[in-house]
Amino acid sequence: NRLERLQGCLGVPLPASTQWEIARDVSEVIDPVYQEVIHQAAQGKVLHNDDTTMKILKLDRKESDRSGVFTSGIVSVLEDGQRIALFFTGPKHAGENLIDVLRQRNDLLGQPIQMCDALSRNMPKGLKTIMGNCLTHGRRRFVEVSNHFPQECLFVLEILKEVYRYDDLTGGMTDMDRLAYHQENSGPKMKELYA
């Protein structure tokens, strides 16, 4: 729709429906590239995943009787630091889309680290990952209610501030050094928060 408006301003009408037809018609040609990008993403050492709801006018519901439509974002961080962003729109949740990606993972690589919030629909059922739950969503909730519970929320936010500070200090560390650093420094803070 944005491109349709832009093209209209330039005097070259390009309706969204025509754009869709062009994309649909070339999709088969570029599908091997798309499949290879998914395969490469499956080899990542860290995979971030989450869902957002999506408005779709018409969806082929052959594969599911779910009424919701989601766009799952999966960002894979490869060993060399390169990132691959994948987006899947349909009735599947992020964890189910992650399963489809991880089925292409080389068995010799072992388990990847998975970063997501703790929603059950983000978990890839039947496949093992090393879970690294994201604190951002939880922290955001404490910020939202801090006016109503200032003392309690400040306690939580101060602890998380320290954990984030420790994370900033881990830049450039190896994975194992970073893990050890967090276990030594962030671990006690998280135990304090849990208590």
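What you are looking at is a predicted structure, and each value in this text was computed from that prediction instead of being measured. (Residues numbered from 1 in each chain as written. Predicted model: local features only at pLDDT ≥ 70, side-chain atom pairs only at ≥ 80, totals over all residues. Heavy atoms only, no water.)

Undergrad: Tell me about the confidence of the model for the protein chain, residues and numbers included.
TA: For the protein chain, the mean per-residue pLDDT works out to 89, and 94% of the residues sit at or above 70. Across the protein chain, element-level confidence peaks in helix H5 (residues 150–168) with a mean pLDDT of 95 and bottoms out in strand S5 (residues 130–133) with 84. (pLDDT = per-residue confidence, 0-100. Helix = DSSP H or I, 4+ residues; strand = E, 2+ residues; numbered from the N terminus.)

Undergrad: Go over the packing of aromatic side chains, please, and point to the residues and values.
TA: According to the stated counting rule, one finds one aromatic pair in the structure shown. Look at Tyr-166 and Tyr-181: their rings are 6.1 Å apart centre to centre, the planes differ by 75°, and that puts the pair in the edge-to-face class. You can see Tyr-166 sitting in helix H5 and its partner Tyr-181 sitting in helix H6 (residues 175–194), a full 15 residues away along the chain. When its relative accessible area of 13% is taken as the criterion, Tyr-166 is described as buried. (Phe/Tyr/Trp six-rings, centres within 6.5 Å; stacked < 30°, edge-to-face > 60°. Buried < 20%, exposed > 50% of the residue type's maximum accessible area, 1.4 Å probe, protein only.)

Undergrad: Now, about the sheet that holds strand S1 (residues 46–53): what can you tell me, with residues and values included?
TA: Overall, mixed pairing links the five strands, which are arranged S3-S2-S1-S4-S5 in an open sheet. Every interior strand has two partners, whereas the edge strands, strand S3 (83–90) and S5, have only one. Sheet twist, expressed as the average angle between the axes of neighbouring strands with direction ignored, equals 20°. Strands S1, strand S2 (70–77) and S3 of the sheet are contacted by helix H2 (residues 16–42), whose axis makes an angle of about 115° with S3. (Pairing = 2+ DSSP bridges. Axes fitted to C-alpha atoms, helices over the stretch in contact; angles between N-to-C directions. Contact = heavy atoms within 4.5 Å.)

Undergrad: Would you mind going over the nonpolar core in detail, with residue names and values included?
TA: Among the nonpolar cores identified, the biggest contains twelve residues, and these are Ile-38, Ala-41, Ala-42, Leu-47, Ile-74, Leu-78, Ile-84, Leu-86, Phe-88, Leu-98, Val-101 and Leu-102. Looking at this core, the elements with two or more residues in it are H2, S3 and helix H3 (94–102). (Core = buried A, V, L, I, M, F, W, Y, C linked by side-chain atoms within 4.5 Å.)

Undergrad: Tell me about the packing of H5 against H6, residues and numbers included.
TA: Interaxial distance between H5 and H6 falls to 10 Å at its minimum, and their mutual angle equals 180°. Classed by the angle they form, the pair H5 and H6 counts as roughly antiparallel. Within the contact between the two elements, H5 uses Phe-155, Val-156, Ile-159, Leu-160, Glu-162, Val-163, Tyr-166 and Asp-167 and H6 uses Arg-178, Tyr-181, His-182, Asn-185, Ser-186, Lys-189, Met-190, Glu-192 and Leu-193. (Parallel < 35°, antiparallel > 145°, perpendicular 65-115°, else oblique.)

Undergrad: Would you mind going over the pattern of salt bridges in detail, with residue names and values included?
TA: Applying the stated criterion across every chain, the model contains nine salt bridges. A salt bridge links Arg-24 to Asp-25, with the nearest nitrogen and oxygen atoms 3.1 Å apart. Residue Asp-167 pairs with Arg-178 through a salt bridge whose shortest N-O separation is 2.3 Å. Taken together, the residues span a long stretch of sequence, with Asp-167 in helix H5 and Arg-178 in helix H6 at a distance of eleven residues. Linked through salt bridges whose partners overlap, the residues forming this network are Lys-92, Asp-100 and Arg-103. (Salt bridge = Lys/Arg side-chain N within 4 Å of Asp/Glu carboxyl O.)

Undergrad: Let's hear about the packing of helix H4 (residues 136–144) against H5: which residues, and what values?
TA: Across the interface, H4 lies against H5 with an axial gap of 9 Å and an inter-helix angle of 145°. As H4 packs across H5, the resulting crossing turns out to be left-handed. Contact with H4, carried on its side by Thr-136, Arg-139, Phe-142 and Val-143, involves Cys-153, Val-156, Leu-157, Leu-160 and Tyr-164 of H5 and no other residues of that element. By residue class, the composition of the contact of H4 with H5 is seven nonpolar, one polar and one charged. (Left-handed = near helix turned anticlockwise from the far one by under 90°. Nonpolar A, V, L, I, M, F, W, Y, C, P; charged D, E, K, R; others polar.)

Undergrad: Describe a nonpolar patch on the surface, and please don't skip the residues or the numbers.
TA: A contiguous nonpolar patch, built from Val-26, Val-29, Ile-30, Val-33 and Val-37 and spanning about 430 Å² of accessible area, is present on the exposed surface. Here Val-29 shows up in helix H2. By relative accessible area, Val-29 is classed as exposed at 64%. (Patch = residues over 30% accessible without salt bridge, like charges linked within 9 Å, V, L, I, M, F, W, Y side chains within 5 Å. Areas by Shrake-Rupley, 256 points an atom, 1.4 Å probe, with all protein chains shown as cover.)

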